[in-house]
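Each chain, written out:
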Amino acid sequence: LISNNFVDYLYTIFSTEKVEKALSDYFIGNDDYWPGATVFWQIDKEGNIRTGKIMLYDAHTGRRVKKPYNHIHWMHKTLGLTDYNLKQCLFGEHLLFNHRNKPIGIVESEKTAIIANIFLPEFLWLATGSISNLNTDHCKVLQNRNVTLFPDANGFENWNKRAAGLVSVGKVIVSDLLERKASVEEKAQGFDLADYLLGPK
């Protein structure tokens, strides 16, 4: 059985029922590229798998393993798909069809989308995976939806600028929650919504 550090971490915080629902909804996978690695599948609204992002977390802290290097890899590379033309989509996009009336919450990290989904199920949580993916091309699937962006504590200004470019999508609000709540130190550390929801370690 392949272990999954991120899933092990979730089980230390939430009930088995809530974790298993989140894993099922978002199709969280395992991979042995690194022992304990997690796969976050990017599945579009048509049900097509665009790729899978392989990441390694610490099972005790829930934080990404960044030393001695940043542990991020891609499933299409692992499978050796040399002619593959990667076109990413929002993480969680496949859930849009079955949750047509829910307001949308967008964060950067896939991990944060999962945790926010458990804490705040009144929103449908999606992740950009990278600030560069917060653009019209990726967000056009959100037309006519109520969308709120939740930037990391050090990203409010940047996300505000990007939101201004999403006018064709519709009404997009940028939450200033972390901008107001986070301390100078937390902003320096890149404090995000998951850190806020989970509280002091």
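Everything quoted here is computed from the prediction, not taken from an experiment. (Residues numbered from 1 in each chain as written. Predicted model: local features only at pLDDT ≥ 70, side-chain atom pairs only at ≥ 80, totals over all residues. Heavy atoms only, no water.)

**So, a nonpolar patch on the surface**
A cluster of nonpolar side chains, namely Leu79, Leu81, Tyr84 and Leu86, defines an oily patch on the protein surface of about 340 Å² accessible area. By the secondary structure assignment, Leu86 is in the loop between α3 (75-78) and β5 (104-107). (Patch = residues over 30% accessible without salt bridge, like charges linked within 9 Å, V, L, I, M, F, W, Y side chains within 5 Å. Areas by Shrake-Rupley, 256 points an atom, 1.4 Å probe, with all protein chains shown as cover. Salt bridge = Lys/Arg side-chain N within 4 Å of Asp/Glu carboxyl O. Helix = DSSP H or I, 4+ residues; strand = E, 2+ residues; numbered from the N terminus.)

**Side note on the pattern of salt bridges**
Across all of its chains, the model carries ten salt bridges by this definition. Where Asp195 meets Arg63, a salt bridge forms, and the shortest distance between an N and an O atom there is 3.1 Å. Of this pair, Asp195 sits in helix α9 (residues 193-198) while Arg63 sits in the loop between β3 (49-55) and β4 (72-74), placing them 132 residues apart in sequence. According to the relative accessible area criterion, Asp195 is buried, its value standing at 7%. The exposure class assigned to Arg63 is partly exposed, which follows from its relative accessible area of 42%. Here Lys187 and Glu179 are joined by a salt bridge, their closest N and O atoms 4.0 Å apart. For Glu179, a relative accessible area of 33% translates into the label partly exposed. A cluster of three or more residues bridged by salt bridges with shared partners is formed by Lys87, Asp137 and Lys140. (Buried < 20%, exposed > 50% of the residue type's maximum accessible area, 1.4 Å probe, protein only.)

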